[in-house]
Amino acid sequence: MNKFYFKMNVVQKSSNKCNLLIQHQPKRIKTEQEYQNALAIVESMMSRKMNEAETEFFDLLVLLVENYETIHYPIAQPTPQATLESLIHEFEIKPDRLVAAIARGKHKITSSQAEAIAQFFNDISPNLSLTAQDFWT
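This next bit is on the overall build of the protein chain. Counting secondary structure elements, the protein chain contains 6 helices and 0 strands. Mapped from its N terminus to its C terminus, the protein chain presents α and β elements in the order α-α-α-α-α-α. In the protein chain, which comprises 137 residues, the share counted as buried stands at 25%. Put simply, 55% of the contacts in the protein chain that link residues at least 6 apart link residues at least 24 apart. When the accessible surface of the protein chain is summed, it comes to about 10300 Å², and 57% of that surface belongs to carbon and sulfur atoms.

As for its placement among the helices and strands, Glu32 is situated in helix α2 (residues 32-46). Taking the C-alpha atoms as reference, Glu32 lies 9.2 Å from His72; in sequence the two are 40 residues apart. Sequence-distant contacts of Glu32, defined by excluding residues within four places in its chain, comprise Tyr68 and Tyr73. Polar contacts involving the side chain of Glu32 include one to the side chain of Tyr68, which spans 3.2 Å.

How each quantity is defined
Every chain's residues receive numbers from 1 upward, in the order its sequence appears when written. Local features in this predicted model are restricted to residues whose pLDDT is 70 or higher, and side-chain atom pairs enter the listing and the counts only when it is 80 or higher, whereas totals over whole chains, interfaces and linings include all residues. No hydrogens and no water enter the side-chain calculation; it runs on all heavy atoms of the structure. Elements are defined by DSSP. Helices are runs of H or I of four residues or more, strands are runs of E of two residues or more, and each kind is numbered from the N terminus. Buried residues are those whose accessible area, probed at 1.4 Å on protein chains only, stays under 20% of the maximum for their type, while exposed residues exceed 50% and partly exposed ones sit between those limits. Contacts were defined at the residue level, with two residues in contact if any of their heavy atoms lie within 4.5 Å. For every accessible area listed, the method is Shrake-Rupley and the probe measures 1.4 Å; residues are considered covered only by the protein chains on display. Here a polar contact is taken to be a pair of N or O atoms separated by no more than 3.5 Å, where protein atoms must pair a possible hydrogen donor with a possible acceptor and residues adjacent in sequence count only if both atoms sit in side chains.

Shown next as structure tokens:
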């Protein structure tokens, strides 16, 4: 690679990054409108091939969006019953009456049942790493 090409390439990358920063100055997202604008930019960038400067800008913008979502759209921890119900549905398990009652929240799960349920689903799918705490409060 000759020196001239290398210098031009560095200048061009720097220029691309500056243009992105001038057009869309990244800053903390404070309002719903800023959030919606940032999402629109992220979505438009996802649908095309990006150069290095655009990828860096994209990563920064995604972090800002995630920060806003963490504050304004927090995700609640699932209940043990919801976790069990989801797993029963995902793995198409035919639950007996007790497990069905537990999944509907009619009965609390005991610690020993929680251990057995975690082991059952971990045996079905080695990719899971469930513990009794996922089913017992």
